[in-house]
Every structure is written in structure tokens, then in C-alpha cells.
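# Structure at a glance
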Amino acid sequence: MSAMRPVVVVGDTLLDRDVLGTVERLSPDAPVPVLDQGAVRARPGGAGLAALLAARDGRPVTLVTALASDAPGAELATMLHAHGVEVIDLGLEGATPEKLRIGPPGRPLLRIDRGGGGEVGPANAEARAAVGWGAALLVADYGRGVAAAPELRDALAAVTRPVVWDPHPRGPEPVHGATLVTPNLAEARALEPGFAGDAIPVVARRARALARRWRAAAVSVTCGARGVVLVDGPGPPLSAAAEPARGGDPCGAGDRFASCAAGALADGASTAEAVLAAVTSASRFVAGGGAGAIGGDDSAQPAQPAPADDPVALARATRAAGGIVVATGGCFDLLHPGHVRTLQEARALGDCLVVCLNSDASARALKGPGRPVVGQEDRAAVLRALGCVDGVVIFDEETPADALERLRPHIWAKGADYAGRELPEAGVLAGWGGEVVLLPFLQGKSSTRILMEASIHGI
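Below: a short report on this structure.

Scoring rules and cut-offs
- Residues numbered from 1 in each chain as written.
- Predicted model: local features only at pLDDT ≥ 70, side-chain atom pairs only at ≥ 80, totals over all residues.
- Heavy atoms only, no water.
- Helix = DSSP H or I, 4+ residues; strand = E, 2+ residues; numbered from the N terminus.
- Buried < 20%, exposed > 50% of the residue type's maximum accessible area, 1.4 Å probe, protein only.
- Contact = heavy atoms within 4.5 Å.
- Areas by Shrake-Rupley, 256 points an atom, 1.4 Å probe, with all protein chains shown as cover.
- Pairing = 2+ DSSP bridges.
- Axes fitted to C-alpha atoms, helices over the stretch in contact; angles between N-to-C directions.
- Left-handed = near helix turned anticlockwise from the far one by under 90°.
- Nonpolar A, V, L, I, M, F, W, Y, C, P; charged D, E, K, R; others polar.
- Core = buried A, V, L, I, M, F, W, Y, C linked by side-chain atoms within 4.5 Å.
- Right-handed = clockwise from strand over helix to strand, strands pointing away.
- Salt bridge = Lys/Arg side-chain N within 4 Å of Asp/Glu carboxyl O.
- Patch = residues over 30% accessible without salt bridge, like charges linked within 9 Å, V, L, I, M, F, W, Y side chains within 5 Å.

## Some points on the overall build of the chain
Regarding its fold elements, the chain presents 15 helices and 18 strands. Looking at the chain as a whole, 49% of its 459 residues qualify as buried. Counted over contacts in the chain with a minimum sequence separation of 6, partners at least 24 positions apart contribute 68%. Counting every atom, the chain has about 20,800 Å² of accessible surface; 54% of that belongs to carbon and sulfur.

This is how it looks when you write it as C-alpha cells:
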């Protein structure tokens, strides 16, 4: 595999700090919640987060930004260097901007903004040269002055490599000829308010109007859980759905989208390919906890698989949050209404559902030659596409005992056709206090019956 190509990020960097804790009472002297402070986590925000995420992908990253000569600025520089990001600092008058979020994890009660507002220093020769270094450029504009610096804009306008511009309503317009501009839905509304509604065709018309105004090659509008709408030339728009991210944190999703798109373009992808990769990456970033999962002692560690990609991590995170982990198992060779009903009822028992799926070899040993009809990766993909399934673990053994040892679910759900039979998994579950729960069985629905009927009818 060839090495990932470098990306240069240009934009405003902020210091994001989370003061976490528990809230269990109100103050006696005022009806306000009392936070019992626990961990305090700090991480780069704005363009700093976009640069950090690109570096965590394993590619060389240079960040052109503006930091004040204060403790938060020094803290940001240290964190970014720890992630391998080269920082070119233009300097910032006044104080480095900070965002302080206070509250339980994932549920901030209050945000305090401070600093910022100072004048950005001039773009020096090193900064102007850096713009020409990258295989792709990402402008992460947070409306605080870096993207408006005249010398930088001149350098960006002269770039012949891909330029991704993540705009801000308070910032300058993208330079003409940008490869891809990536507003979110709220930003697109603010920038182009002359369209009513947020249906996909309306979003596409808004994106097309913005592309004309900016003379951009393409505009993608990210629409949260609905995914992204891409206008790329005169043809029909492309709409790509986001992957489900139950209970995820959307903070930083736009930076993950833009940084992934820039990286894909740097590596030679088409704009459509880059946007599709970016919406998948952003979905998994949200499912994995978003920007809130970055910081503290973990901030200098390599990127870990998001729970959406790692069912064991998902189960661990669910238990840590006090949730109930449910698991079920089977071959799921030809998905039918009986399967779907069982999976839906299993998911209703807890806070996440992981399916232990028999591998091709395991299913063949269980069902006989000729089975499974559908390969394990395709069966897993179909299961993951169901809204009631949060993760899939494929196992090769006769029983999923080893997979269960890793998942340690609170509940092992099986169809009621197993009533009165001793389940081999029961002994494994007892090791951590897990329980077996039987679910209603839809009579007459099975993959074997479907295949037999097909054979009888010569299908």
C-alpha cells in the first residue's frame, strides 16, 4: 500500500475543554443543578480538530493557524505536536479562543466561550509556502480571521491541487475554483436563504446556487442523520445516507467529514468517491463519541475503532454507561420476517444488540453441504443494515461461546423454539451473571423451509 499523501489545513484553532461530572441535586441557594466535577478533558477544536483527525488517519499534516502567546495557545501547540501535526503559527493578538463545556458526558449544561476576537498576524513566507506543499488543501473556516488573511487567500487561489473549503457564515467566501465546499444544512440555509424547506431536491437547488456564487466545482451539504447531498457539475445531485449512530455525539462531525474528504482527494479519489468516504467516516466518528471521545490521557493515542466498527468496544461502552447489552446468534442465511421480528424484539430488551453470526464454515458444519447460500460478509452486511442491529461478530466455532466471552452481554436472546432445550451458552453466561431470554417464534418461517419450497417449485 502506498503511503498516504500530505494534507495542509488552514484555519482558526480553538481550545475545547470539557468539565465532566455527575448531576444529582439542585443547589439549595438557587434552583440550578450542581455538578460534582470529575474528569477535565482538553482537545483542539476548529481547524485544529480537522488537522488532528487527518493526522490520526496516518497522513502527514501541516496546520496553518493563529495562536495567541498564552497558556491555552501553548497547550494547543503541545497537543497538536503530540499527534504529529506540524504547526505554522501566524500569531493572534489577545487571547486564544476557548470553549468550555460543563456537564455530564454527552449532555452539557452550559458552554462558556472566551478569548478570540484579536487580529490575526500576517501570513509569513513559511505559511504561504506551506499552502503549496499539500497534495490537497483543507480550509477549516471558523469565522475568526485566518481564512480572510489576504496573503493566504492569494496563495490558496493559485493552488492547482484539490481545495476543500469548510465555510462559516461569518467568514469570507471560498476562493473561486474550490474543488469542494462543505457547508452543513444550517450554514447552507444562512448562506443561501432564498429557498423554502429542507427536502433533498431543495437542498440540491440551494447547493447549486452556492456553487454558482462561489464558482466552486462542487458543493456538498451535510444534513446530519440524513447524510449528504452533493452537487458536482450539471448532472443530477448525489444523495448519500449516513450510517445509523444511536446515541452518538455529533460534535466535530463536520471536521471529520471535511478532513476525510480532503484526504481522499489527496490520494486521487474523485469528488463523489471522496464525499461517500467522508459521510461514512463522519457517521462512524459520531457513533464513536464524536470529538468528546478525544482528549484527556487518550488524546495522544492512535485512533481506536469506533464502536460502530467494533462490537466488543460498543458492548464495553454500553456497559460503562449503565446500559443493557443484548446478544443473539444464528446463521441468518436467507433473512426472512421471522428473523426480523426476533431481532426487533431482542433489541427492545436493552440498549444495544450484537448479533453473533455463524461463519460460512460454522454454518456448513451446522446445516450441511450447500449451506450457507449467502456468504458470511454479505449476511453480515444485510444484518448491519437493519435499524435494530448495532453490531455483528462472525464466529467460526460450533457455538459462539468465545464471542460471548468477549462481549459479556447481560442478555442472550433466542427464539422460543429453543424452549425446553439446554443451551450450551447458558454456562458461559453464568460466568458474569448473564441470562437467557426466549422470544416469540414466528411459525413457518425459516431459511431451510424457503430453500425446500424453492427446490420443489424448481426455482
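## Side note on the sheet that holds strand E6 (residues 98-102)
The four strands lie next to each other as E3-E2-E6-E7, forming an open sheet whose pairing is mixed. The two strands at the open ends of the sheet, each matched to only one other strand, are strand E3 (33-46) and strand E7 (110-114). Strand-to-strand twist in this sheet, taken as the mean axis angle between neighbours without regard to direction, amounts to 15°.

## A short note on the packing of helix H7 (residues 253-266) against helix H8 (residues 271-287)
Helix-helix packing: each pair is described by the crossing angle between the helix axes and the interaxial distance. At a minimum axis separation of 8 Å, H7 and H8 run at an interaxial angle of 145°. Crossing handedness for the pair H7 and H8: right-handed. On H8, the residues touching Ala253, Arg256, Phe257, Cys260, Ala261, Ala264 and Leu265 of H7 are Thr271, Ala274, Val275, Ala277, Ala278, Val279, Ser281, Ala282, Phe285 and Val286. Residue composition of the contact of H7 with H8, by class: 14 nonpolar, two polar and one charged.

## Some points on the nonpolar core
Core analysis: the largest hydrophobic core is formed by 42 residues, its most contacted members being Val10, Val64, Leu90, Val131, Leu152, Val219 and Val221. At six residues, the largest contribution of residues to this core is made by helix H6 (residues 200-214).

## Thoughts on the environment of Ala258
Locating Ala258 in the fold gives a position in helix H7. What makes Ala258 buried here is its relative accessible area of 1%. Between the alpha carbons of Ala258 and Ala140 there is a distance of 8.1 Å; along the sequence they are 118 residues apart. Setting aside residues up to four positions removed in sequence, Ala258 forms contacts with Leu138, Val164, Asp166 and Thr182.

## Overview of helix H1 (residues 47-56)
Most of H1 sits inside the fold, with nine of its ten residues counted as buried. All buried positions along H1 are accounted for by Ala47, Gly48, Leu49, Ala50, Ala51, Leu52, Leu53, Ala54 and Ala55. Looking at the residues trailing H1, positive phi occurs at Gly58, about 100°.

## Concerning the pairing of strand E15 (residues 352-358)
The buried count for E15 comes to seven of seven residues, which makes it a mostly enclosed element. Residues of E15 alternate between two faces, with Cys352, Val354, Cys356 and Asn358 on one and Leu353, Val355 and Leu357 on the opposite face, all of them buried. The pairing of strand E14 (residues 325-330) with E15 spans six bridges and is parallel. Of the residues in E15, the one forming a bridge with Gly329 is Cys356. Assessed by its sense of winding, the connection that carries the chain from E14 through helix H10 (residues 337-347) to E15 is right-handed. Sheet topology note: the E15/strand E16 (residues 391-395) ladder contains five bridges and is parallel. By the bridge assignment for E16, Val355 is matched with Val392.

## With respect to the side chain of Ser362
For Ser362, the location among the structural elements is in helix H11 (residues 360-367). Residue Ser362 is classed as buried on the basis of its relative accessible area, which comes to 5%. Not counting residues up to four positions away in its chain, the partners in contact with Ser362 are Phe395, Asp396 and Glu397.

## Looking at the pattern of salt bridges
The full count for this structure, using the stated rule, is 17 salt bridges. Across the pair Arg59 and Asp267 runs a salt bridge, and its minimum N-O distance is 2.8 Å. In this pair, Arg59 sits in the loop between H1 and strand E4 (61-65) while Asp267 sits in the loop between H7 and H8, placing the two residues 208 residues apart along the sequence. For Asp267, a relative accessible area of 40% corresponds to the partly exposed category. Here Glu192 and Arg213 are joined by a salt bridge, their closest N and O atoms 3.0 Å apart. Residue Glu192 is found in the loop between helix H5 (185-191) and H6, and its partner Arg213 is found in helix H6; the two are separated by 21 residues along the sequence. By sharing partners, the salt bridges in this structure join Arg17, Glu75, Glu98 and Arg114 into a single network.

## Brief notes about a nonpolar patch on the surface
Where nonpolar side chains cluster on the molecular surface, the patch consists of Val23, Leu109, Leu110 and Ile112 and spans about 310 Å² of accessible area. Following the sequence through the fold, Leu110 ends up in strand E7. What makes Leu110 partly exposed here is its relative accessible area of 48%.

## Some points on the sheet that holds strand E17 (residues 411-415)
What the five strands build is an open sheet, ordered E16-E15-E14-E17-E18; its pairing is parallel. Pairing within the sheet leaves two strands with one partner each, and these edge strands are E16 and strand E18 (435-439). Between one strand axis and the next, the sheet turns through 30° on average, direction left out of account. Seen against the sheet, H10 touches E14, E15, E17 and E18 and runs at an angle of roughly 140° to E15.

## A word on unusual backbone geometry
Across the junction of Arg371 and Pro372, the peptide omega takes the value 0°, indicating a cis bond. The phi dihedral of Phe332 is positive, around 50°, even though this residue is not glycine. Mapped onto the fold, Phe332 is located in the loop between E14 and H10. Under the relative-accessibility criterion, Phe332 is labelled buried at 10%. Even without glycine at this site, Arg408 takes up a positive phi of about 50°. Relative to the elements of secondary structure, Arg408 occurs in the loop between helix H13 (401-407) and E17. Given a relative accessible area of 34%, Arg408 falls into the partly exposed group.

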